[in-house]
Amino acid sequence: MITREKYIELARTYGTPLFVYDGNLMLERYADLFRFIPHGRLHIHYALKANYNPALLQLLRDAGAGIDAVSPGEVVLALALGFAPEKIIYTANNMTDAEFDRVMKTGVTINIGSLSRLKKCAESHPGSRICLRFNPDVCDGDNEKTMTGGDLTKFGILLDDADTAAKIAAGGNLHIVGLHEHTGSGLQHAGSVLKSMDNLMAIATKERFPELEFLDFGGGFKVPYKDDETPIDYVDMGQKIAAKFDNFCAAYGKELLMRFEPGKFLSAQCGTLIMEVNTIKHNRTRTIAGCNSGFPQLIRPVLYGAYHKIVNLTNPEGPEMVYDVCGNICETGDRFAEQRLLPEIREYDLLAISNAGAYCYSMGSVYNLRPMPAEVVVKDGEVIDFRPALTEEELVKQILAK
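A short tour of the structure in this document, coming up. Just so we're clear, the structure is a prediction, and the values are computed from it rather than from any experiment.

Conventions adopted
Residues numbered from 1 in each chain as written. Predicted model: local features only at pLDDT ≥ 70, side-chain atom pairs only at ≥ 80, totals over all residues. Heavy atoms only, no water. Core = buried A, V, L, I, M, F, W, Y, C linked by side-chain atoms within 4.5 Å. Buried < 20%, exposed > 50% of the residue type's maximum accessible area, 1.4 Å probe, protein only. Helix = DSSP H or I, 4+ residues; strand = E, 2+ residues; numbered from the N terminus. Contact = heavy atoms within 4.5 Å. Arc of directions from axis to C-beta. Salt bridge = Lys/Arg side-chain N within 4 Å of Asp/Glu carboxyl O.

1. Overview of the nonpolar core
Ranked by size, the top nonpolar core spans 102 residues in total, and within it L132, F134, L179, L215, F260 and V325 carry the most contacts. Of the residues forming this core, the biggest block, seven residues, is contributed by helix 9 (residues 234-252). If we ignore the near neighbours within four places in the chain, the residues touching V325 are M275, A289, C291, I310, R335, F336, A337, L342 and L351. Ranked by size, the runner-up nonpolar core spans 14 residues in total, among them L10, V20, I274 and L313.

Okay, here's the thing in structure tokens:
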């Protein structure tokens, strides 16, 4: 675990804003999944979209993880970092013909989530090995924008269309080697995972899909963002998952692989964004702590209304006061926290935003032409990778390049 003193040291050494990643914690979360789900045929494919830092990906690669990729760029990165094609599953939606053809040539498994794309695959790539993504008809997640099951989602083939999908595949001599579902991100109820499994396994019959090698149940495992959140009993849930899958395999008549695709669960808690306070402003009803970072560098509070714990690294014992913690972007909504009780914040204090390892840097932008922060990865107390921020001049050079 990275100490408060270490965060301060890293900020002084590398400057702020700064993303700090705890490699040990990510590997610990990876190991947790195998401890929680006691099943010998469990495979974990990390959802690369959550955080694409190469050093973190290399740690997971060496630990045996695979990759869940959702764009050709993610496939290219995973292959460049040494992930074998068979360890990568490509689950894009609304992909173009060119994207589909490009990824097919890499040899990774493509996960198809619409009858339209399935028909095109049967015509253009007959005889291919593919996976089918189904809508599990279960709606859960920590925000309506991240729920990927149910009637309102664009993802997956309807369960009712399983027979149609099987017929299309047979017409193109496609080999359906896997079935996939994903319910949402930040699942609030353990029962949603189990219900989604039931719904997918209900259509995964030997008669309909006789060549299955794996079932993929997506990701979305919840991590706590607030100190008082009730944790999910992953040990109990994992035992139920393992038993349910064994019962399915017995009924199917073959021992299949079980896949999950966590992103946030592995990387969220390992990341911290450190920023410096440069302005204290007392408005009539608000005290504003202005910082040298902004929502393009950590967009979840603005985009999802997400809560992130904030720690005052340099004045942890100060008297508590209420603050709006704001960024440096030309938007009123540029707030990391609103009316948050924190130890007294002084100008030049260092603040740490917790749980910043998933969907923070990876969703970042250079809005207002502010470069994304530097990143450091720490393992066993030492920095194993440093990725500097672009200077403003380097960023503008990229923009002007032809």
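2. A word on helix 7 (residues 162-171)
Buried within helix 7 we find A162, A165, A166, I168 and A169. End-on view of helix 7: buried residues confined to an arc of 165°, all on one side of the axis. In helix 7, the exposed residues that point more than 90 degrees away from the buried face are K167, A170 and G171. Positive phi shows up at N173, right after helix 7, with a value of about 50°.

3. A look at the pattern of salt bridges
Applying the stated criterion across every chain yields a total of 23 salt bridges. A salt bridge links D62 to R61; its shortest N-O distance comes to 3.0 Å. Taking relative accessible area as the criterion, D62 reaches 58% and is therefore assigned exposed. Look at R61 and you get partly exposed, because its relative accessible area is 27%. Linking E229 and K222 is a salt bridge whose minimum nitrogen-to-oxygen distance equals 3.4 Å. Given the relative accessible area of 22%, E229 is considered partly exposed. Among the residues examined, K222 registers a relative accessible area of 16% and is labelled buried. Taken together, the shared-partner salt bridges connect E28, R29, D32 and R35 into one network.

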